[in-house]
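Notes for the structure review
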Amino acid sequence: MSGVRVCLQNCVRWGQAVIVGVVALMVGGTFASAAMPLNETPDTIEAVLGEWEPPDMDAVISIRECGETLCAELVRHKYADINTDINNPDPVMRARPLLGVRILDGLRRVKADRWKGGELYDPRTGKTYLSKLKVIDNNHLKITGCIGPGLCKGYVWRRVPHMTTLLYTHAAFRNHEVPPGHVEHPGRYEVVEKALEDKVFATLDRRIPPQVSVEDIERIHSTSYRELVEENAPAQGLAQFDADTFLGPSSLDAVRRAAGGAVAAVDALYAGEAKNAFIAARPPGHHAEPERAMGFCVFNGAAIAAKHAAGVHGAKRVAVLDFDVHHGNGTEAAFWHDEGAFYASSHEWPQYPGTGRETDRGAFDNIANAPLATGAGTHEFRQAWGERLLPALSDFGPDFIVISAGFDAHRADPLGGLQLDEDDFAWLTREIAGVARDKAQGRLISVLEGGYDLPALAASTAVHVKALMEA
Ligand SMILES: *[C@@H]1O[C@H](CO)[C@@H](O)[C@H](O)[C@H]1NC(C)=O
């Protein structure tokens, strides 16, 4: 009966974890915002909502709000066939199964100033437990529970990674300087940041984008171009790189973190820490060519991240998908002769920068361009992606997908002449996530490119990120 013994050992540990977890859930009810800086105590309950794994156990518990209480439900457990025994006098045995059962019905929320210790009332048994909970970071909770005098135990629970969408934001993205009247201005970042503060985004895993490494920049850009950018980034005033591309004192940090966030997101996905990611950066990157800044863009973060997945994580086939109203000529140039890289773009035609003809297909048939006539809308856009670009992506068979997410094909955009609305972006995001799931084990990140009507940018970003979260 050794199998039984193994089971019992595991079950006992599981039972203890559930008990301390249950205790923590009520205490967790006093907790807070996922928009907190890392390593600080959150101040809304959203930080504890979601799915969590106890240590060393093949089990998942889901914490959510239900009325005035928090509820926890066992959604998966290795020994899920064990029957519930809520009348067992042994608390470990009693807490053990719980499959599909709300175990926190009847819990009262405690006040925020009492978060460190609280009472758990288990309505099934009438018993009260003491507990302590500490949020270590967005992905780890330390839960210490006591089931009796001297019977206290602490565990670090881990957020179930596949449930999480990462969000990379940074003040440098707001600060990046441009001349007065420039259409790619700090207000763009501000509306995106504000839109993503909505309650529906509280469960995003918010991270700080690091600066990109020299090695990663040079997966796409030449050494001489990188040095040109670094040497010409001004300590004050503005340096001009092309007709509409400028760098100010904060800009080098911004362009390094924009690409660095995308690279960090790739690493996080391969580490199994998240299912997908959005990098809410400015300036955009998709016009930046290997040797040249243009069209607001300095470093091509999408292309850099894709090649990082190939170079560091062994992805054989990487794809960048671009629905910005402008063609990403920088990404196309970087991928043209690269058999392991695929680029697909829908864009207005004619429009800046004047590249992206349907007949431009790359050295390995690895480029797919769908120019859309000025005035085209939902039908043409969905047809181009549904009938041409997405099937080409599937045929390519990507191991990793990066979205160049520009929202200037929205009907309200002052630079673009297409007639899309938010629903179209949400639709395409879901479609791309579907291919990612089928072909690339779900590996998908998205970097912000254009979008110049502020309300449309905010609303479009919101539906895009929501679709990533639901993917
Ligand atoms: C990108 O666009 C610019 C401006 O139209 C053009 O000069 C350049 O040749 C394009 N780059 C590529 C690789 O097509």
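Within each chain, residue numbers correspond to sequence positions counted from 1 in written order. Local features in this predicted model are restricted to residues of pLDDT 70 or higher, and side-chain atom pairs are both shown and tallied only at a pLDDT of 80 or more, whereas totals for entire chains, interfaces and linings draw on every residue.

**A word on the site of the ligand**
Within the structure, the ligand sits among Glu289, Asn329, Ala333, Pro353, Gly354 and Thr355. Its residues assigned to classes, the shell around the ligand shows 2 nonpolar, 3 polar and 1 charged. By definition, a residue lies near a molecule or strand when the C-beta atom built from its backbone is within 6 Å of it. Three classes are used: nonpolar for Ala, Val, Leu, Ile, Met, Phe, Trp, Tyr, Cys and Pro, charged for Asp, Glu, Lys and Arg, and polar for all others, with Gly counted as polar.

**Examining the environment of Ala268**
A run of H or I in DSSP becomes a helix once it reaches four residues, and a run of E becomes a strand once it reaches two; helices and strands are each numbered from the N terminus. With respect to the helices and strands, the residue Ala268 is situated in helix α7 (residues 251-270). Note: C-alpha distance between Ala268 and Leu166 (102 residues apart in sequence) is 8.7 Å. Residues are treated as contacting if the C-beta atoms built from their backbones sit within 7 Å of each other. Excluding anything up to four places from it in sequence, Ala268 contacts Leu166, Glu273, Ala274 and Ala277.

**Notes on the confidence of the model for the protein chain**
The predictor's confidence in any single residue is recorded as pLDDT, a number from 0 to 100. On average, residues of the protein chain carry a pLDDT of 80, and 72% of them reach 70 or more. In the model, residues 79-86 has pLDDT below 50 throughout and makes 15 contacts with residues more than four positions away in sequence or in other chains. Every residue in residues 90-124 is under pLDDT 50, and counting partners more than four places away or in other chains gives 88 contacts.

**Points about the sheet that holds strand β8 (residues 165-168)**
Only strands that DSSP links by at least two bridges are regarded as paired with each other. Judged by pairing direction, the sheet is parallel, and its 8 strands sit side by side in the order β9-β8-β12-β17-β16-β13-β14-β15 without closing on themselves. In this open sheet, the two edge strands, each paired with only one partner strand, are β9 (205-207) and β15 (367-373). Across this sheet, the average inter-strand angle for adjacent strands is 15°, counted without regard to direction. As paired elements, strand β13 (residues 318-322) and strand β14 (residues 341-349) share 5 bridges and run parallel to each other. Paired with Val318 across the two strands is Ala341, which belongs to β14. Whenever a helix is involved, its axis is fitted only over the stretch in contact; in every case the axis is a line through C-alpha atoms, and angles between N-to-C directions fall within 0 to 180 degrees.

**What about the environment of Leu204?**
Within the secondary structure, Leu204 sits in the loop between α4 (186-195) and β9. Put simply, Leu204 and Thr164 are 40 residues apart on the chain and 6.4 Å apart in space, counted from C-alpha to C-alpha.

**Points about the packing of helix α11 (residues 422-439) against helix α12 (residues 454-470)**
Where α11 contacts α12, the axes come no closer than 8 Å and their chain directions differ by 25°. Looking at the two axes, α11 sits roughly parallel to α12. Where α11 crosses over α12, the handedness of that crossing is right-handed. Contact with α11, carried on its side by Glu422, Phe425, Ala426, Thr429, Arg430 and Ala433, involves Ala459, Ser460, Val463, His464, Ala467 and Leu468 of α12 and no other residues of that element. Partitioned by chemical class, the residues of the contact of α11 with α12 number 7 nonpolar, 3 polar and 2 charged. Angle categories: roughly parallel below 35 degrees, roughly antiparallel above 145, roughly perpendicular from 65 to 115, and oblique for all the rest. Left-handed describes a crossing whose near helix is turned anticlockwise from the far helix through less than a right angle; right-handed describes the clockwise counterpart.

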